[in-house]
Amino acid sequence: MNRIMEVRLQKLTKVFVDKQKKETRAVDRLDVVIPDGKLISLLGPSGCGKSTTLFMIAGLHKPTSGKIFFGDEEVTKLAPEKRGIGLVFQNYALYPHMTVRQNILFPLENMAIKREDAEARVLEMATLVDIQELLERKPGQLSGGQQQRVAIARALVKKPRVLLLDEPLSNLDARLRLQMREEIKRIQRETKITTIFVTHDQEEAMSISDEMVVMDTGVMQQMDKPQDLYNYPVNLFVAKFLGNPPINTFEGFVKSNKVYFGDIVVGSKKIPDGKYTFGIRPEDFRVDPNGFNISTREVSHIGRDTMITFHAEDQELRALVDSDDVKGLKEIKLGVKAGKIHAFDLETGDVVKEKEGV
Ligand SMILES: Nc1ncnc2c1ncn2[C@@H]1O[C@H](COP(=O)(O)OP(=O)(O)O)[C@@H](O)[C@H]1O
Ligand SMILES: [Mg+2]
């Protein structure tokens, strides 16, 4: 394979202007370094600028401003076919009249490459994505997952410097999606090709990525390893976007290092007195005899875990606790695990951290 490639985006910006001269700032001053040989996800809600970013990296959209580097080479103005990228879309975009073999071979047609070398490369790629048995079939005779494997083989056959995947699993049913997730991860590990994976599905991104870039309205919110994003979100948007069931949020206040939600003392946090938006993940509650009383609404056992839905200050919150901990209890009291109350600025939504060593 080719030398692995770091991809750098410098203040990358795309503003679309429609016929009425209305501007859409689809991507806004994106500064990202995508490390060599890693799989990075661009994650965010629909319309946040993920595809636009990917298309600029591919050369299909011209940036309004900013720069793109592959390694030391600036590619901002380079034609798409000269960038050395492989692209895979949600709709596999295979040629229906060609066999799988012809589809994978197609990108090599205009290259100065010997026929037998090309054929060998097709077989190598087909083996990599595990469809070597299907080479003589037409796309219409394949399942969605198999078609997506062909699309990946076709994207890789020219040995690109960077592999770009735009929601490649969205058209697959749930079971296939899980399976192809693992497959993409495996293929990426085997080829070590720098890969950018676009998805709106946080679970998918969490499970597949070395690091994730979380975007909202064209702006990067945070880039980090999945677990660090989950545990240390820099703002309310990231906290809410990651996690299923989602993080509980409520407006409360801090007085003398105690976190209040109405009359309830939820826990402690060493931040200045005042009002905040707080976030607590369901699994960060625990059954605690010294905790606060809850008026339970609903308790449902999900195997090892028990989901407790309760009300506080007219708001519904959810706690996920160990089933053994609530067995036989008449009344449940809850506390929060140490350090697991997130505080965010009421206005900006930015995280407010505890002072170290106080
Ligand atoms: N070709 C285009 N012309 C005008 N606006 C566009 C175009 N492509 C995307 N947009 C707008 O740019 C924003 C980002 O779109 P997109 O990058 O497709 O989001 P995502 O892939 O995250 O769903 C959206 O508001 C979308 O409507
Ligand atoms: Mg998109």
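Each chain carries its own residue numbering, running from 1 in the direction its sequence is written. Both sets of labels track the order of writing: A upward for chains, 1 upward for ligands. The predicted nature of this model means local features are confined to residues of pLDDT at least 70 and side-chain atom pairs, given and counted, to a pLDDT of 80 or more, with totals for whole chains, interfaces and linings taken over all residues. Water and hydrogen atoms were dropped before computing side-chain values, which therefore reflect all heavy atoms in the structure.

1. So, the domain arrangement of the chain
A common way to state how big an interface is: give the accessible area lost once the parts meet. As assigned here, the chain comprises domain 1 (7-241) and domain 2 (248-344). Those domain boundaries reflect an automatic or database domain assignment. Placing a centre on the C-alpha atoms of domain 1 and another on those of domain 2 gives a separation of 40 Å. Opposite the seven residues of domain 1 that make contact, domain 2 presents seven residues. Computed with a 1.4 Å rolling probe, the buried area is the accessible surface lost when two parts are put together, summed over both parts. Buried surface at the junction of domain 1 and domain 2, summed over both partners, amounts to about 650 Å²; 57% is from carbon and sulfur atoms. Each salt bridge in this description consists of a side-chain nitrogen of Lys or Arg and a carboxyl oxygen of Asp or Glu lying within 4 Å of one another. There are zero salt bridges connecting domain 1 and domain 2. Counting from the N terminus, the helices are DSSP H or I runs at least four residues long and the strands are E runs at least two residues long. The set of elements that each furnish at least two residues to the side of domain 1 that touches domain 2 consists of α7 (226-231) and α8 (236-241). Ranked by the residues each element gives to the side of domain 1 that touches domain 2, the list is headed by α8, at three residues. Three categories are distinguished: nonpolar for Ala, Val, Leu, Ile, Met, Phe, Trp, Tyr, Cys and Pro, charged for Asp, Glu, Lys and Arg, and polar for the others, with Gly belonging to the last. By residue class, the composition of the side of domain 1 that touches domain 2 is four nonpolar, two polar and one charged. Pairs of residues are marked as contacts when any of their non-hydrogen atoms sit within 4.5 Å.

2. Points about the pattern of salt bridges
Taken as a whole, this structure holds 15 salt bridges when the rule is applied. The residue glutamate 136 makes a salt bridge to arginine 101 at a minimum N-O spacing of 2.6 Å. Of this pair, glutamate 136 sits in the loop between α3 (115-128) and α4 (144-156) while arginine 101 sits in helix α2 (residues 100-105); the two residues are 35 residues apart in sequence, bridging distant segments of the chain. Burial classes: relative accessible area under 20% of the type maximum marks a residue as buried, over 50% as exposed, and values in between as partly exposed (1.4 Å probe, protein chains only). A relative accessible area of 52% places glutamate 136 in the exposed class. Judged by its relative accessible area of 26%, arginine 101 is partly exposed. Within the structure, one salt-bridge network assembled from shared partners comprises Arg101, Arg115, Glu119 and Glu136.

3. Digging into the sheet that holds strand β1 (residues 7-17)
An order of β2-β1-β4-β5 is seen for the four strands of this open sheet, with the pairing classed as antiparallel. The outermost strands of the open sheet, each flanked by one partner alone, are β2 (23-34) and β5 (73-74). Paired strands are those between which DSSP finds at least two bridges. Judged from the eight bridges that link them, β1 and β2 form a sheet pairing that is antiparallel. Each residue of the ladder has a partner; that of valine 7, found in β2, is isoleucine 34. In this analysis an axis means a line fitted to C-alpha atoms, helices contributing only their contacting stretch, and an angle means the value between N-to-C directions, from 0 to 180 degrees. The strands touched by helix α1 (residues 50-58) are β1, β2 and β4 (65-70); relative to β1, the strand with the most contacts, the crossing angle is about 115°.

4. Observations concerning the site of ligand 1
For this description, a residue counts as near a given molecule or strand if any of its non-hydrogen atoms is within 4 Å of it. In the region of ligand 1, the neighbouring residues are Phe16, Thr24, Ala26, Pro45, Ser46, Gly47, Cys48, Gly49, Lys50, Ser51 and Thr52. Polar contact is the term for a pair of N or O atoms within 3.5 Å; when the atoms are in protein, one must be able to donate a hydrogen and the other to accept it, and sequence-neighboring residues count only if both atoms are side-chain atoms. Between ligand 1 and cysteine 48 there is a distance of 3.2 Å, counted from an oxygen atom to a backbone nitrogen or oxygen. The side chain of threonine 52 places a nitrogen or oxygen atom 2.5 Å from an oxygen atom of ligand 1. Relative to its free-state accessible area of 560 Å², ligand 1 is covered by the protein chains to the extent of 59%. Mapped by element, the contributors of at least two residues to the shell around ligand 1 are β2 and α1. Of the residues forming the shell around ligand 1, the biggest block, three residues, is contributed by α1. Here the shell around ligand 1 is composed, by residue class, of four nonpolar, six polar and one charged. Every accessible area reported is derived by Shrake-Rupley at a probe size of 1.4 Å, with residue values counting cover from the shown protein chains alone.

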